[in-house]
Amino acid sequence: MLFQISEPGESPTKVACKKRVVGIDLGTTNSLVAHVDDATAAVLDGDGGAMVPSVVAYSSAGVDPVVGRAAAARGLDAPADTIASVKRLMGRSLADVAAIQGLLPYQLVDDAGRMVKVRLGDGRELSPVQVSAAILGELRARAEAALGGPLDGAVITVPAYFDDAQRQATRDAGRLAGLEVLRLVAEPTAAALAYGLDRGTRGTYAIYDLGGGTFDVSVLILVDGVFEVRATGGDSGLGGDDIDRAIVRWAAGDGDGAVPATAPADARARRDIAGAIAAARAAKERLTDVESTAVAFTLGGRSVERAITRADLAAICAPLLERSARACRRVLRDAELGAADLDGVVLVGGSTRSPVVRDHVRAVFGREPLCELDPDHVVALGAAVQADVLAGGSSDVVLIDVVPLSLGIETMGGVVEKLIPRNSTIPCGATQTFTTYADQQTGFDLHVVQGERETADACRSLARFQLRGVPPMVAGAARVEISYQVDTDGILHVSAREEHSGVETHVEVRPSYGLTDEEVERMLMESFDHAEADLAERNLRVERIEAERILAATRTAMVQDAHLLDAEVAVATTAAMSALERLSAASDHVAIRTAIEALDRASKPFAERRMNLAIGAAMKGKTLADLERDLSGR
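Now for a quick tour of the structure. (Residues numbered from 1 in each chain as written. Predicted model: local features only at pLDDT ≥ 70, side-chain atom pairs only at ≥ 80, totals over all residues. Heavy atoms only, no water.)

### Details of the overall build of the protein
The cut-off we apply is this: Secondary structure elements are defined from DSSP: runs of H or I of at least 4 residues count as helices, runs of E of at least 2 residues count as strands, and each element is numbered from the N terminus. Only protein chains enter the accessibility calculation, which uses a 1.4 Å probe. A residue is then buried if its area is under 20% of the maximum for its type, exposed if over 50%, and partly exposed in between. Residue contacts follow a heavy-atom distance rule, with two residues in contact if any of their heavy atoms lie within 4.5 Å. Where accessible areas are quoted, they stem from the Shrake-Rupley method and a 1.4 Å probe; at the residue level, only the protein chains shown are allowed to cover.
When you go through the protein residue by residue, the secondary structure sums to 14 helices and 28 strands. Buried residues in the protein amount to 50% of all 634 residues. Counting only contacts in the protein whose residues sit at least 6 apart along the sequence, the fraction spanning at least 24 positions is 68%. For the protein, the exposed area adds up to about 28200 Å²; of that, 51% sits on carbon and sulfur atoms.

### Digging into the environment of Thr488
For Thr488, the location among the structural elements is in the loop between strand 26 (480-486) and strand 27 (492-498). The class for Thr488 is partly exposed, based on a relative accessible area of 33%. Sequence separation between Thr488 and Val402 is 86 residues; the distance between their C-alpha atoms is 9.2 Å. When residues no more than four places from it in sequence are discounted, the contact partners of Thr488 are Arg183, Leu184, Ile426 and Pro427.

### Here we look at the sheet that holds strand 5 (residues 55-57)
Quick reminder of the rule: Each pair of strands is called paired provided DSSP finds at least two bridges between the two strands. Fitted lines through C-alpha atoms give the axes, limited to the stretch in contact for helices. The angle between two N-to-C directions lies from 0 to 180 degrees.
What the 3 strands build is an open sheet, ordered 6-5-7; its pairing is antiparallel. At either margin of the open sheet sits one strand with a lone partner, and together these are strand 6 (66-67) and strand 7 (82-84). The sheet contact formed by strand 5 and strand 6 spans 2 bridges and is antiparallel. Across the sheet, Ala57 pairs through a bridge with Val66, a residue of strand 6. Contacting strand 5, strand 6 and strand 7, helix 2 (residues 128-147) runs over the sheet at an angle of about 105° to strand 5.

### Comments concerning the packing of helix 2 against helix 3 (residues 164-176)
Basically, it comes down to this: The cut-offs work like this: below 35 degrees is roughly parallel, past 145 is roughly antiparallel, 65 to 115 is roughly perpendicular, and the gaps in between are oblique. For any pair of crossing helices, the crossing counts as left-handed if the nearer helix is rotated counterclockwise from the farther one by less than a right angle, and right-handed if it is rotated clockwise. Note that Gly is not counted as nonpolar here; it falls among the polar residues with everything else outside the nonpolar set of Ala, Val, Leu, Ile, Met, Phe, Trp, Tyr, Cys and Pro and the charged set of Asp, Glu, Lys and Arg.
Contact pair helix 2 / helix 3: the axes reach a minimum separation of 8 Å and the direction vectors enclose 55°. The pairing of helix 2 with helix 3 is recorded here as oblique in orientation. Relative to helix 3, the crossing made by helix 2 is right-handed. Judged by residue contacts, Val129, Gln130, Ser132, Ala133 and Leu136 of helix 2 engage Ala169, Asp172, Ala173, Gly174 and Leu176 from helix 3. Here the contact of helix 2 with helix 3 is built from residues that sort into 6 nonpolar, 3 polar and 1 charged.

### Re the pattern of salt bridges
The criterion, for reference: Every case where a carboxyl oxygen of Asp or Glu lies within 4 Å of a side-chain nitrogen of Lys or Arg is listed as a salt bridge.
For the structure shown, the criterion picks out 20 salt bridges. The residue Glu187 makes a salt bridge to Lys87 at a minimum N-O spacing of 2.5 Å. Pair noted here: Glu187 is in helix 4 (residues 187-199) and Lys87 is in the loop between strand 7 and strand 8 (107-109), with a separation of 100 residues, a long-range link. We note that Glu187, like Lys87, is buried. With a shortest N-O distance of 2.8 Å, Arg353 and Asp376 are connected by a salt bridge. On the criterion of sequence distance, the pair formed by Arg353 in the loop between strand 18 (344-348) and helix 8 (355-365) and Asp376 in the loop between helix 8 and helix 9 (378-390) is long-range, its members being 23 residues apart. On the basis of relative accessibility, which here comes to 14%, the residue Asp376 falls in the buried class.

### A few points about helix 2
Spelled out, the test is: Under the convention used throughout, the expected extent of a helix is 1.5 Å for every residue step, that is, one less than its residue count. We define a polar contact as two N or O atoms separated by no more than 3.5 Å, with the added condition that, inside protein, one atom must be a possible hydrogen donor and the other a possible acceptor, whereas residues neighbouring each other in sequence contribute only through side-chain atom pairs.
Under the 1.5 Å per step criterion, the end-to-end length of helix 2 is 28 Å for 20 residues, consistent within 8% with the ideal 28 Å. Of all the 20 residues making up helix 2, 16 are buried; the element is thus mostly covered by neighbouring parts of the structure. Two or three places before Val129, at the opening of helix 2, Ser127 has a side-chain oxygen 3.0 Å from that residue's backbone nitrogen. Just downstream of helix 2 lies Gly148, where phi reads positive at about 80°.

### Observations concerning the environment of Ala206
In this fold, Ala206 is placed in strand 13 (residues 203-210). Residues Ala206 and Cys328, spaced 122 residues apart in sequence, show a C-alpha to C-alpha distance of 8.8 Å. For Ala206, the contacting residues outside a window of four places in its chain are Ser218, Val219, Leu342, Gly344, Val345, Val346 and Phe365.

### Section: the side chain of Thr214
Mapped onto the elements of the fold, Thr214 is located in the loop between strand 13 and strand 14 (215-223). The class for Thr214 is buried, based on a relative accessible area of 4%. If we ignore the near neighbours within four places in the chain, the residues touching Thr214 are Thr28, Lys87, Pro159, Phe162, Glu187, Asp209, Asp235, Ser236, Leu238 and Gly239.

### Description of the pairing of strand 24 (residues 443-450)
The element strand 24 is extensively covered by neighbouring structure, given that 7 of its 8 residues are classed as buried. Alignment of strand 20 (residues 407-411) against strand 24, held across 3 bridges, turns out to be antiparallel. Within the sheet, the bridge partner assigned to Ile409 lies in strand 24 and is Val448. Pairing analysis gives 8 bridges linking strand 24 to strand 25 (residues 460-468), with the strands arranged antiparallel. Counted as the bridge partner of Val449 is Ser461 from strand 25.

### A look at the sheet that holds strand 25
Pairing within the open sheet is antiparallel, and its 4 strands lie in the order 21-20-24-25. Of all the strands in the sheet, just strand 21 (415-420) and strand 25 have a single pairing partner and so form its edges. Across the sheet, the mean angle from the axis of one strand to that of its neighbour is 30°, orientation sign disregarded.

### Overview of the packing of aromatic side chains
The criterion, for reference: In this scheme Phe, Tyr and Trp rings, the latter by its six-membered ring, pair at centre separations within 6.5 Å, and the angle between planes marks the pair as stacked below 30 degrees, edge-to-face above 60, and tilted otherwise. Two thresholds decide whether a charge sits over a ring: the Lys NZ or Arg CZ must be within 6 Å of the ring centre and within 35 degrees of the ring normal.
A full pass over the atoms with the stated rule returns 1 aromatic pair. Directly above the ring of Trp250 sits Arg306, whose terminal nitrogen or CZ lies 3.9 Å from the centroid.

### Some points on unusual backbone geometry
Phi at Ser85 takes a positive value of approximately 55°, unusual for a residue other than glycine. Residue position: Ser85 is located in the loop between strand 7 and strand 8.

Honestly, it's all geometry; don't read function into it.
Right, dumping it as structure tokens:
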């Protein structure tokens, strides 16, 4: 085999000893995967660039879905079977997404009050978790191809304002995609992590993150590698998609009925909606570089064509951007800071490329926003840095995140008792003692909720469970200790214990809108049906990458040390290289591995001569005493 020659003390870390971990930005519009190599985070490119459109196209049952640019290209022809912006559906019920149904080209259906599902043209119904898992699977495949083997783990980012149901759904999607989810990290926190390390900053920063489907704002303190989130807020139903839909409604005219309240069943109408949204998005993006443009589409049986300027866009966006301004003011108030106390405002998310959005941020915070790093890449880069830390890489970073929404329990009368207030640093916990309301009560129905309202019906229901076996006592005599623990992913664990009897129960909160364990298990079992084919594809990619590496190294060595090659070895090595090149284009990974081994054998005499030459050069002019002295010095 060929040896990598290095100067004493300069040998690189063996790749096999390094864990393959990545950071993933699972976005509404686009998704990315990044990796830390040599202490530098970088996004991993693939066909068409670094960004993978978060679009999944389905065809007949049993055929793997298409993800990314190829899927987006099918959107206008098969809108009912092409799912985009699925992140907005994660952990949501049909009632939660009622406002956006009319401008979605695919159908949404209720699933017995739990997480909404998408109904394809052939009648199949898919959970947003399954669709997101397809996107994560594509990112995993890209990373494994780039890094040369299976991943050891991933950090996935989520909007800071994602509640427990949405975080659970994201974690389920990662699990279904075959990823070990090391941690879920809030997107603004990840951005600050990448931005702070890149700039070496210290101070107080606001992270303004307006993506395709969600808006987050966080205030962080950066001091000597410690990233502490002081306050976070936002709107998980606000993003660039809403601007696109607002442009469609503006161009179509108010009150003309062209924009339906619910997704139409007619295929042509769905294509019209998909085309209108695409045209609006394209016009919005053009206004980043020009002062005016035109938006044209067909909707509601008529053609629409209208000029649109940046001033028009600012007016269209004003109500939406004011929602983000309210969230910014609220977060500053929670952090007990004013805009003047900030050292900077960092822009994150593709929607912040718009001059209209940047003007808005400048007005809200009274300062020029920072945008040196690519707002589309910065979240993935920060996630990669955190993944590297968790895998034993850099230890100079400490990440302190917070709970985005208060966690409480329903008490008598439907009132919420908050155990963990929002903006508590995680991991965290809280314990509170409750008692019985009625005489001879032998059990408790416990209702876990999340939100800032004071009544349970106005908050998000996370879980219901029971504590039974409590000895009958008079009202007020029992003492039930309720404990909440929030882990580093922001996932809640609840336990209840009656102090007199010792009866207790524990639960990892499974949100009302999440998947059941049985559903996740069923989908995992379905993935096992394709395990053999998936493994073969993985092995093929790994061996092709190894073949490319070996071929490149051999060519370089043959040029640099041609004088060490004799004719016989040169002929054998060249023939082995040709065979390996030919087999790499085929699909038999075993044959590629065999060809790699054959090339190693053919080039072994050449490799040995190179090694001898390198050792001779290192020892030239040295005595045995010199070598012993060098070794003892080490």
